[in-house]
Amino acid sequence: MIGYDVIGDVHGCADELEQLLRQMGYRETGGVWRHPSRQAVFVGDLIDRGPRQVATVTLVRSMVEAGAAQITMGNHEFNAIAWMTEAPRAGGEWLRSHNDKSGP
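What you see is a predicted model; the values in this text were computed from it and never measured. (Residues numbered from 1 in each chain as written. Predicted model: local features only at pLDDT ≥ 70, side-chain atom pairs only at ≥ 80, totals over all residues. Heavy atoms only, no water.)

All right, on to the nonpolar core then. By size, the foremost hydrophobic cluster in this structure holds 17 residues, and its most contacted members are I7, L17, L21, A40, F42, L59 and M63. Every element with two or more residues in this core is listed here: α1 (14-23), β3 (32-34), β4 (38-42) and α2 (53-65). The element that contributes the greatest number of residues to this core is α2, accounting for three residues. Excluding its chain neighbours within four sequence positions, the residues that come into contact with L59 are L17, E18, L21 and W33. (Core = buried A, V, L, I, M, F, W, Y, C linked by side-chain atoms within 4.5 Å. Buried < 20%, exposed > 50% of the residue type's maximum accessible area, 1.4 Å probe, protein only. Helix = DSSP H or I, 4+ residues; strand = E, 2+ residues; numbered from the N terminus. Contact = heavy atoms within 4.5 Å.)

So, in structure tokens, the structure goes:
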């Protein structure tokens, strides 16, 4: 039976995520963080706020693609997608307003 580690609200803090994975017994092998007997489950909010958002997404994506993790989308990812998606039949409007002061 496989064990799971539930991880949420990384918010672009790749350095802290790597430190956490290391403390939980994960090791980076061939560019992918793996645990010998457990799988990480990321529960969203990988992006927004932190200094290394792309690195965070890249790290988690490589884990998911290698079968070392699972992921579900959080509200920060949902909002970013909505900010970048034109509303159908709305004449140049976006699913999330670009006038919102909080940004994507």
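Moving on, we get to the side chain of H35. By secondary structure assignment, the location of H35 is in the loop between β3 and β4. A relative accessible area of 15% means that H35 is categorised as buried. Reaching out from H35, the side chain makes a polar contact with the backbone nitrogen of S37 at a distance of 3.0 Å. A distance of 3.1 Å separates a polar atom in the side chain of H35 from a polar atom in the side chain of R38. In contact with H35, other than residues within four places in its own chain, are M24, G25 and Y26. (Polar contact = N/O pair within 3.5 Å; in protein donor to acceptor, adjacent residues only side chain to side chain.)

Extensive coverage of β4 is indicated by the burial of four of its five residues. Bridging between strand β1 (residues 3-7) and β4 involves five bridges; their strand directions are parallel. Counterpart to I7 in the pairing with β4 is F42. Direction of pairing for β4 relative to strand β5 (residues 69-71): parallel, over a ladder of three bridges. Each bridged residue has a counterpart across the sheet, and for F42 the counterpart in β5 is I71. (Pairing = 2+ DSSP bridges.)

Next up on the list: the environment of Q39. Positionally, Q39 belongs in strand β4. Q39 gets classed as buried once you look at its relative accessible area, which sits at 10%. The residues touching Q39, leaving out its near neighbours within four places in the chain, are I2, G3, Y4, D5, Y26, G67, A68, A69 and Q70.

For the structure on display, the rule yields three salt bridges. The salt bridge involving D5 is made with R38; its shortest N-O contact spans 2.8 Å. Here the residue D5 occupies a position in strand β1, and R38 occupies one in strand β4, the gap between them amounting to 33 residues. You can call D5 buried: its relative accessible area is 12%. Here R52 makes a salt bridge to D15, at a shortest N to O gap of 2.3 Å. (Salt bridge = Lys/Arg side-chain N within 4 Å of Asp/Glu carboxyl O.)

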